[in-house]
Amino acid sequence: MQKVDVLVIGAGPAGTAAAIAAKEAGAKEVLIVERGDRIGGILNQCIHNGFGLQLFGEELTGPEYAQRYADKTENAGIEVLLQTIVLKIEKDRSVLLQNTTGIFQVSCGSVIVATGCRERPRGAINIPGSRPSGIFSAGTAQKLVNIKGYMPGKNVVILGSGDIGLIMARRMTLEGARVLAVCEIMPYSSGLKRNIVQCLESFDIPLHLSTTVTKILGKERVERVEISAVDSSFKPIDGTQRIIECDTLLLSVGLIPENELLDGLDIEMDTTTGGAIVNDKMETSAQGIFACGNCLHVHDLADYASLEAEIAGKNAALFTLEKRNHTTEIPFLAGFGITGIVPQKVSLDALKNGVVISLRVKQPFENSRVIIKNENKVIKEVREQHFLPGEMIRFTLKADNAEILIAEVIKND
Amino acid sequence: MIYDVVIIGSGVVGGLAAYQMSKYDLKIAVLDSAAESATGASCANSGILHAGYDAEEGTLKARLNVLGNSLMDKICDELDVPIKRNGSLLIAFSKEQKKIIENLYNRGIANGVTGLDILNKKETLELEPEINPEIVAALYAPSAGIISPFELAIAAVETAALNGAELFFNCEVQSIIEEKNYITLNCSNNQIKTKYVINCAGVNADKLSGIEDFRITPRKGEYLLLDKKNSNIVSHTIFPCPTEKGKGILLAPTVHGNIILGPTSTYTSDREDVETSAAGIEAVVQQCMHYVPTLEVKGTITSFAGLRASSNKQDFLIDFAPNSTRQINAAGIDSPGLTASPAIALMLEQMLQKAGLALKPKPVFNQRERVIHMNELSLQQRNNIIKNNPAYGKIICRCEQISEGEIIDAIKRGATTVDGVKRRVRAGMGRCQGSFCLPSVIEILARELNISPEQVTKCGGKSIYITGTNR
Amino acid sequence: MIKNLTCICCPIGCTLTAELEADKISSISGNKCKRGIQYAQEELFNPVRILTTTIFIPEKNTMLPVRSDKPLPKDKMCGCVSFIKTIKVDLPIKMGQILVNNIEGTAIIASCDMK
């Protein structure tokens, strides 16, 4: 059985960054396992620019960002097994892999799970109606258009105005389709403002907020969709239904961290992130198993996924090399208005040097600030013009000591 | 050329009839108006094998349900189709409902059902701790089971084809003309002559029945399918007390480890209307939460609807058409049609024999090669298969862990559409519902069938995915 | 005249306010960095965009992601996508390699390596 110091599952922006960091921290045998046919993960199909601004100070396309990490991975002497999937992670960190050469086991000093996320399908949100062809999740349409070169439709309605939906509105238009509308169930778009401008406004594509698709119609292929306005509880308002004739519905209705490999390992999971509960080293409750990137919590920027992954990589290497210190960990709890805190546990020695914290607000807040308390004492404030759930809040938290950390939103007086 | 037997419809009824008749030295053809088998009620039902206490004594439904149930294990073994005897619990919430259970119990005994028992609340909750503690009793039927209905139909049709039956898809029978020595079937793309014809055309069987006052009104049932993660919630099929509307909304495991909720019951005039509705899905959820209050429906994978071929005749119509010695109708086959299907096939065989068809058993009758389902095999077995054929090592459907080799198999066995692949090997039935594997399945179908990706369809006809290329 | 626009230079998306006097910009505010000023000037009179699209590579049966080296006029984007489709590219390709020069004042370059 092959032995590796660090096994990384996934060669996307998180997996590659983690592997490189593990190598740099002293791990000798670092292996990345990737189910696709090249390094890059989802970035390979994200052909638009907007990546790398934080990390490289440049606006790269997804493939360019991926290529940079692919080059670094190769130069670092990291082994990559492409078109290989992980069947199972065992409790002793031996891992079962499969590809066209067969099924084989690898014994691992530590494992980093960087498996990204999947899209929420139509079935999970139960849009009523028929089940014709022509309904795609936005990412599947993106793969068809950008990797395979196939157009999934001609007259398109998009449900969901997150970045993937907006990007696909533009992409489909550039390739000759008519995007008739983008519908968004919330009263605001969760996508970047720049994408509203460059993907919708620039192409005169209407955005209908507080609107959802209430029925899909069509016997064999989509023929039309019914859209309706929704109230503050997101229930369709009777009488507001109208029909849009189309042949395609793209769904951009949420990303779900992909953590099936953690089943059976009794790893503590966080229902607010969809990912594992981790400490500041990105280590899960199972010793030696780390998580980073979109499978830990859905990121807005690939750059931050990579930065977070570096922490996982470094600490996975230290774990294998048995160079870790164990210090007291304290919990980081979500108070009013806050959700999705990562890491959920912070060690005191790391806190002394500064720990990068990510969190989100549960709803939009104006005229407010996010405060971090150590029990009752405020130790940090984050001030912004406004806070939106679609924009991850990221900051460094530093303190000499603490008992329990709480993040909450309070109104500015 | 004149066939001996032509079967119209390749769902479970037509499929098992074809399977049965293909054991004899006969020229057989199976026609279906759709692109593939099992695209009607057979792909959109609860997959339940009923014990047989529901139907009135003396009816065909009663007799064929019990007989079919007893034949299913053997049929599934022959056809290599999964089956589970998980038993059913029909729960009562009141004294009145308990009386209904007692009547059903007695009816079951009269119908020949074995193993029936009436359990009290404590016994029921011991079997299924998650059931609503407000129940007072339950009718327990250990002979009830679960099966994959479309896999059954498809396996039956594939095996019939393996033994010489000819399959005609996209072939809609428009009229049946009976001459003295044969029947002419005028089809959308064909004209077929046969000595005997069996009409198993499901929701459209009344149009071909030759009976003026026999009417099928499709009765829609909506379903919800839950993630396998929820599968521990119940192991038996949970039924409510039946009403005049029917057996009611049930909650059951599926043979593949999901949980299925449904069906509703609403008549529709549109024979192709399989739309789900917000109200229907809501009704299914509400009802099932009444049976199992701890039910979590957050893990919904999909919802779908099927049409039952309910007729104005209360019982199955399995008989010669009026003034006919050559056309047999097997029509109005709604519940318990799935359970009854092997028994219906035997009944049809007997009728054909009585009508004069000589049944000479084939000297050699071939079952299909065991279908390779990689995730059911041991690691060693899987490794051997992959070493022999690397395509089995490439995972295409990540959620259900289905390999390219299995998808190619499905196409070789007869799948010509994405749904056909899905129903044979489950690629696309997992929690991502094909988001990941669809592009690959389209490419594999195009390559294996030697067509362009733009020609690949979901279920035939105009259900294409790709409307153009950027190449 | 006052015009509000959202800067698209980076993910922050500052809301810019531009004051126009006689078809000339007299002031720009709301920008967090210098790029916002240039953006407002261009966007109001000559909007440009970076173009990203794909080219088919028959030997690999896959699409190569490509981009414009510099922004090009917004209203020429669709036309450029059509033209770029006709470009024949030989393998191997290196990221940054120029595939065609002088399209609307910019080059079209490869976004990744392809062997």
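What counts, and where the lines are drawn
Residues numbered from 1 in each chain as written. Chains lettered and ligands numbered in written order. Predicted model: local features only at pLDDT ≥ 70, side-chain atom pairs only at ≥ 80, totals over all residues. Heavy atoms only, no water. Helix = DSSP H or I, 4+ residues; strand = E, 2+ residues; numbered from the N terminus. Buried < 20%, exposed > 50% of the residue type's maximum accessible area, 1.4 Å probe, protein only. Contact = heavy atoms within 4.5 Å. Areas by Shrake-Rupley, 256 points an atom, 1.4 Å probe, with all protein chains shown as cover. Rg over C-alpha atoms; globule rule 2.2 N^0.38 Å. Lys, Arg positive; Asp, Glu negative; His and termini not counted. Charge placed at Lys NZ, Arg CZ, Asp CG, Glu CD. Core = buried A, V, L, I, M, F, W, Y, C linked by side-chain atoms within 4.5 Å. Buried area = accessible area lost by both parts, 1.4 Å probe. Salt bridge = Lys/Arg side-chain N within 4 Å of Asp/Glu carboxyl O. Polar contact = N/O pair within 3.5 Å; in protein donor to acceptor, adjacent residues only side chain to side chain. Phe/Tyr/Trp six-rings, centres within 6.5 Å; stacked < 30°, edge-to-face > 60°. Lys NZ or Arg CZ within 6 Å of the ring centre and 35° of its normal. Expected span 1.5 Å × (residues − 1). Arc of directions from axis to C-beta. Pairing = 2+ DSSP bridges. Axes fitted to C-alpha atoms, helices over the stretch in contact; angles between N-to-C directions.

Student: Can you lay out the overall build of chain A for me, pointing to particular residues and giving the numbers?
Tutor: Broken down by element type, chain A carries 9 helices and 30 strands. Seen through its C-alpha atoms, chain A measures out along the principal axes to roughly 65 × 65 × 40 Å. Sorting the 413 residues of chain A into buried and exposed places 63% on the buried side. Across chain A, the fraction of contacts at a sequence separation of at least 24, relative to all contacts at a separation of at least 6, is 63%. When the accessible surface of chain A is split by element, carbon and sulfur atoms take 48% of a total near 15,600 Å².

Student: Explain the overall build of chain B to me, and be specific about the residues and the numbers.
Tutor: Summing up its helical and strand segments, chain B has 12 helices and 23 strands in all. Over its C-alpha atoms chain B spans a radius of gyration of 22 Å, differing by no more than 12% from the 23 Å that the globule rule assigns to 471 residues. Its C-alpha atoms give chain B principal-axis dimensions of about 65 × 60 × 45 Å. For chain B, buried positions account for 60% of its 471 residues. Of the contacts made within chain B by residues no fewer than 6 positions apart, 72% connect residues no fewer than 24 positions apart. Summed over all atoms, the accessible surface of chain B reaches about 18,500 Å², with 49% contributed by carbon and sulfur. For chain B, the distance from the average position of its 49 positive side-chain charges to the average position of its 51 negative side-chain charges is 2 Å.

Student: Quick rundown of the nonpolar core? Include the residues and the values.
Tutor: In terms of nonpolar packing, the biggest core is built from 75 residues, with Tyr53, Leu64, Leu79, Leu152, Ile318 and Ile344 of chain B touching the most fellow members. The dominant element in this core, judged by the number of residues it contributes, is helix α8 (residues 337-355) of chain B, at 9 residues. Sequence-distant contacts of Leu152 of chain B, that is, excluding residues within four places in its chain, are made with Val12, Leu16, Met72, Ile75, Leu79, Val81, Ile147, Leu338 and Ser341 of chain B. Among the nonpolar cores identified, the runner-up in size contains 67 residues, and Leu250 of chain A together with Val425, Leu445 and Ala446 of chain B belong to it.

Student: Residues and numbers for the interface of chain A and chain B, please.
Tutor: If you look at the interface, chain A gives 47 residues, while chain B gives 50 residues. Across the chain A/chain B interface, buried area totals approximately 4,300 Å², and carbon plus sulfur atoms make up 51% of it. By the criterion of area lost to chain B, the three top residues of chain A are Arg131, Tyr150 and Glu220 of chain A, representing 16% of everything that side buries. In this structure, the connection of chain A to chain B is made through 7 salt bridges. Lys462 of chain B serves as the salt-bridge partner of Glu220 of chain A, at 4.0 Å between the closest nitrogen and oxygen. Linking chain A with chain B are 26 residue pairs in polar contact (both at pLDDT 80 or more), by the criterion used here.

Student: I'd like a rundown of the packing of aromatic side chains, residues and numbers included.
Tutor: Going through the model one piece at a time under the given rule, you end up with 10 aromatic pairs over all chains. Pairing Phe56 of chain A with Tyr65 of chain A gives two aromatic rings, centres 5.8 Å apart and planes at 70 degrees, and the pair type is edge-to-face. The exposure class assigned to Phe56 of chain A is partly exposed, which follows from its relative accessible area of 25%. A residue is classified by how much of its surface remains accessible, and Tyr65 of chain A, at 0% relative accessible area, is buried. Taking 6.3 Å as the distance between ring centres and 75 degrees as the angle between the ring planes, the aromatic pair formed by Phe290 of chain A and Phe319 of chain A counts as edge-to-face. On the criterion of sequence distance, the pair formed by Phe290 of chain A in strand β20 (residues 289-291) and Phe319 of chain A in helix α8 (residues 302-320) is long-range, its members being 29 residues apart. Both residues of the pair, Phe290 of chain A and Phe319 of chain A, belong to the buried class. Here the aromatic cluster, defined as three or more aromatic residues joined through ring pairs, consists of Phe51, Phe56, Tyr65 and Tyr69 of chain A. Above the ring of Tyr196 of chain B, the side-chain terminus of Arg326 of chain B is found at 5.5 Å from the ring centroid.

Student: Provide a residue-level description of helix α7 (residues 278-291) of chain B, including the pertinent values.
Tutor: All names here are of chain B. Spanning 14 residues, α7 covers 20 Å between terminal C-alpha atoms, matching the ideal 20 Å at 1.5 Å per step. All of the buried residues in α7 are Gly280, Ile281, Val284, Val285, Cys288 and Tyr291. The buried side chains of α7 occupy one side of the element, clustering within an arc of 135 degrees when seen end-on. Within α7, the exposed residues directed more than 90 degrees away from the buried face are Ala278 and Ala279.

Student: Residue-level account of unusual backbone geometry, with values.
Tutor: A cis geometry characterises the amide bond from Val342 of chain A onward to Pro343 of chain A, with omega recorded as 0 degrees. Positionally, Pro343 of chain A belongs in the loop between β22 (338-342) and β23 (345-347). Residue Pro263 of chain B is bonded to the preceding Gly262 of chain B through a cis peptide linkage, with omega at 0 degrees. The phi dihedral of Glu322 of chain A falls on the positive side, at around 55 degrees, and the residue is not glycine. Relative to the helices and strands, Glu322 of chain A resides in the loop between α8 and β21 (329-334).

Student: Before we move on, could you go through helix α11 (residues 418-425) of chain B and cite the residues and values that matter?
Tutor: Residue and element names in this part refer to chain B. Buried residues dominate α11, accounting for 8 of its 8 residues. Regarding α11, the residues found buried are Val418, Asp419, Gly420, Val421, Lys422, Arg423, Arg424 and Val425. Close packing links the buried residues of α11 with α5 (149-162), β22 (402-403), α10 (404-413) and α12 (438-449). The first or second residue beyond α11 is Arg426, which carries a positive phi of 75 degrees.

Student: Can you break down the side chain of Asn279 of chain A residue by residue, with the values?
Tutor: Residues and elements named next belong to chain A. For Asn279, the location among the structural elements is in the loop between β19 (255-257) and β20. A polar contact is formed between the side chain of Asn279 and the side chain of Glu329, at a distance of 2.8 Å. If we skip the residues at most four places from it in the chain, Asn279 touches Glu329, Pro343 and Lys345.

Student: I'd like to hear about the sheet that holds strand β27 (residues 377-383) of chain A, residue by residue, with values.
Tutor: Residues and elements named next belong to chain A. Sheet architecture is open: 5 strands sit in the order β23-β21-β30-β26-β27, paired in mixed fashion. Two strands lie at the open edges of the sheet, namely β23 and β27, each paired on one side alone. Averaged over all pairs of adjacent strands, the angle between their axes in this sheet comes to 30 degrees, without regard to strand direction.

Student: Can you explain the sheet that holds β22 of chain A? Please cite residues and give values.
Tutor: All names here are of chain A. Ordered in space as β22-β24-β29, the 3 strands form an open sheet in which the pairing is antiparallel. Only two strands of the sheet have a single partner each, and these edge strands are β22 and β29 (393-397). Geometrically, the sheet is characterised by an average inter-axis angle of 30 degrees between neighbouring strands, direction not taken into account. As defined by bridge partners, β22 adjoins strand β24 (residues 355-361) across 3 bridges and the pair is classed as antiparallel. Note that in β24 the partner of Val342 across the bridge is Ser358.

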